[in-house]
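As a plain string of letters, each chain reads:
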Amino acid sequence: TGDSEPQVDSPVLAITEIGSTIFVGGKFSQVVQGASGTPQAQPYLAAFDRDTGNWISTFRPALDGTVWDLAPTPDGRLIVAGQFTNVNGAARTAAIAVLDPATGAVVPDWSVQLASTGTSARTLVRGIDVEGSWIYWVGNVTQATGPSGVLRKLARAGRFSAVTGEPDVAFRPNIDGGYGTKV
């Protein structure tokens, strides 16, 4: 749904580890417990026990689109990036959100509202990287509003505070191409 890259037909697009849990994101709609298990609905993001390989059925975040990348924050939370409009129905979770890795709940003290102007495609964060206290990202994002409420114009790449989600206005790379119109 809303996938701007349907030609990429790979069920798993991202894997990361936090503690003894392996998180898997992608374009899948269900998971299976073992080779002969019954498929269980769990689209786009799932968690598995690193030592046993078992699906962790208590981690059940609800996303409505592809997960393109995953990363842990410095304090052990899970960053989810992709082409979804929300996580668990929460506001300000389009394309990127920070989740509690035990429950899948949206972390309430981290938020950023992203948008893509000049395109009808869903807002998409395609890649993320955490360096120190910053989350670097790339995608079709052209504006972001952090917790301060200030709208920031962006050019398909930038960085947010890993602690709050506030965009860094000093870091302003200008990437032309790939998504939407030139900024």
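Quantities reported herein were computed from a predicted structural model and do not represent experimental measurements.

A. Layout of the pattern of salt bridges. Counted under the stated rule, the structure contains seven salt bridges. Residue Arg-50 is joined to Asp-51 by a salt bridge in which the shortest nitrogen-to-oxygen separation is 3.4 Å. Judged by its relative accessible area of 42%, Arg-50 is partly exposed. Of the residues examined, Asp-51 reaches a relative accessible area of 60% and is grouped as exposed. One salt bridge in this structure joins Arg-77 and Asp-109, with 3.1 Å as the shortest N-O distance. Taken together, the residues Arg-77 in the loop between strand 6 (67-72) and strand 7 (78-82) and Asp-109 in the loop between strand 8 (96-99) and strand 9 (113-115) connect sequence positions 32 residues apart. A relative accessible area of 12% means that Arg-77 is categorised as buried. Taking relative accessible area as the criterion, Asp-109 reaches 52% and is therefore assigned exposed.

B. Structural view of the sheet that holds strand 5 (residues 45-49). What the three strands build is an open sheet, ordered 1-2-5; its pairing is antiparallel. Strands at the two margins of the open sheet, each flanked by one partner only, are strand 1 (12-18) and strand 5. Mean inter-strand twist for the sheet, computed between neighbouring axes without regard to direction, equals 25°. Where strand 2 (residues 21-26) lies against strand 5, five bridges are found, and the strand directions are antiparallel. The residue bridging Ile-22 from the neighbouring strand is Phe-48, located in strand 5.

How each quantity is defined
Residues numbered from 1 in each chain as written. Predicted model: local features only at pLDDT ≥ 70, side-chain atom pairs only at ≥ 80, totals over all residues. Heavy atoms only, no water. Salt bridge = Lys/Arg side-chain N within 4 Å of Asp/Glu carboxyl O. Buried < 20%, exposed > 50% of the residue type's maximum accessible area, 1.4 Å probe, protein only. Helix = DSSP H or I, 4+ residues; strand = E, 2+ residues; numbered from the N terminus. Pairing = 2+ DSSP bridges. Axes fitted to C-alpha atoms, helices over the stretch in contact; angles between N-to-C directions.

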